[in-house]
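# Notes for the structure review
As a plain string of letters, each chain reads:
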Amino acid sequence: RSFELYPAAFPSQFGNATGGVIDVSLREPRSQEFTTTVNWSFLLTGIMVESKVNESQSFYASYRRSLLDQFISEDDADEEMEPEDAGISLDQFPIAEDYQFKYNWFISDQSSLTFVAAGASDEVAVTFSEESDIVSRDPDFAGALGYNQGFDSQGIVWDWQSEDNDQTIRTALSHTLESFDLYYGINQKRLIDNERSIFRIDYAQPLPSLEWEDHIISSGYTFERRSYDYYVNAKIPNC
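So, a few notes on the structure that sits alongside this text. (Residues numbered from 1 in each chain as written. Predicted model: local features only at pLDDT ≥ 70, side-chain atom pairs only at ≥ 80, totals over all residues. Heavy atoms only, no water.)

## As for the pattern of salt bridges
Let me state the cut-off plainly: A pair is scored as a salt bridge if a Lys or Arg side-chain nitrogen falls within 4 Å of a carboxyl oxygen belonging to Asp or Glu. Under the scheme used here, helices are H or I runs from DSSP no shorter than 4 residues and strands are E runs no shorter than 2 residues, and both carry numbers assigned from the N terminus. Exposure is judged per residue with a 1.4 Å probe applied to protein chains only, and the accessible area is read against the type maximum: over 50% gives exposed, under 20% gives buried, and values in between give partly exposed.
Inspection of the entire model under this criterion finds 13 salt bridges. Note that Lys-102 is salt-bridged to Glu-28, the shortest N-O span being 3.6 Å. Placement of Lys-102 in strand E6 (residues 88-105) and of Glu-28 in the loop between strand E2 (21-25) and strand E3 (35-40) is noted, with a sequence separation of 74 residues between them. On the basis of relative accessible area, Lys-102 is assigned to the buried category, the value being 7%. Judged by its relative accessible area of 32%, Glu-28 is partly exposed. The partner of Asp-159 in a salt bridge is Arg-170, with the nearest N and O atoms 2.6 Å apart. Taken as a pair, Asp-159 in strand E8 (residues 143-161) and Arg-170 in strand E9 (residues 168-184) lie far apart in primary sequence, 11 residues in all.

Right under this line is the structure:
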């Protein structure tokens, strides 16, 4: 629906930001008959379904996947390697996947409930042989390297506005799990899971004075909880 960039002076609801902010909002599901959309290219393929459930509820769901691994074999990719990449062989061509889901329920003219879910992942695998530069500097890096990074998130949002559309309240609860897995060398690995839960409520209304009717005052509360799980089995490299 929108893609906003705030390089500075971003709104107060982005209180944890220390630099610029990129604010991306998904569009609302259309109230239409069940529709399936499929797109395909040599880069990626995707499918999306969208439909209304009744007059007050509708949803959409989509899934995409990269396709380069289906058209280019690992052997072909190895043959295209540059001379400076000697000693590196491709075991798994890069694969990227993502999905999105959104469900809207307009409870009344003043309130609505929204369920959202989204996720993505990227993975690749290579092998470093004794001929590679990195192994010549550190033999413990010889062997396979596997990389997998992704996230899954879910959220529920309740929106309310007064009959004159002056006062608005938004309440949101979300959960996100991010993972980063790296396997390399001789039984070396770094496995990191980052779990985040957020509850927030925002209230806004115009200033009551007619002289300030174009100004809006807003207030909010945010509670955030994060947890990290680390598993590291790695050699500490010398300077």
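Having put the structure on the table, let's press on.
## Section: the packing of aromatic side chains
Rules: Stacked, edge-to-face and tilted labels apply to pairs of Phe, Tyr and Trp rings (six-membered ring for Trp) whose centres lie within 6.5 Å, assigned for plane angles under 30 degrees, over 60, and everything in between, in that order.
In the structure shown here, the tally under the stated rule is nine aromatic pairs. With a centroid separation of 6.4 Å and 70 degrees between ring planes, the pair formed by Tyr-103 and Phe-115 is classed as edge-to-face. Within this pair, whereas Tyr-103 is found in strand E6, its partner Phe-115 is found in strand E7 (residues 111-128), the two being separated by 12 residues in sequence. With relative accessibility at 18%, the residue Tyr-103 sits in the buried group.

## Here's the deal with the environment of Asp-69
Cut-off, in case you're wondering: We call two N or O atoms a polar contact when they sit within 3.5 Å, provided that within protein one can donate a hydrogen and the other can accept it, with sequence-adjacent residues counted only if both atoms are side-chain atoms.
Considering the arrangement of structural elements, one finds Asp-69 in helix H1 (residues 68-71). Assessed through its relative accessible area of 15%, Asp-69 is described here as buried. When the C-alpha positions of Asp-69 and Gln-92 are compared, they lie 7.9 Å apart, and in sequence the two are 23 residues distant. At 3.1 Å, the side chain of Asp-69 and the side chain of Arg-65 are in polar contact.

## What to know about the side chain of Arg-200
Convention followed: Any two residues having at least one pair of non-hydrogen atoms within 4.5 Å are treated as being in contact.
Secondary-structure assignment places Arg-200 in strand E10 (residues 188-206). Side chain to side chain, Arg-200 and Asp-202 meet in a polar contact 3.1 Å long. With sequence-adjacent residues up to four places away left out, Arg-200 is seen in contact with Gln-13, Arg-170, Thr-171, Ala-172, Tyr-221 and Thr-222.

## Some points on the pairing of E10
The criterion, for reference: One requirement defines pairing of two strands: DSSP has to find at least two bridges between them.
By the bridge criterion, 17 bridges tie E9 to E10 in an arrangement that is antiparallel. Its bridge partner being in E10, Glu-178 is matched across the sheet by Asn-194. Taking the residues that link successive antiparallel strands as the turn, the E9-E10 hairpin has three residues, and the phi of Gly-185 there is positive, at about 60 degrees. Pairing analysis gives 18 bridges linking E10 to strand E11 (residues 216-233), with the strands arranged antiparallel. Considered in E11, the bridge of Arg-196 is made with Arg-226.

So far we have only geometry, and geometry alone does not tell us how the molecule works.
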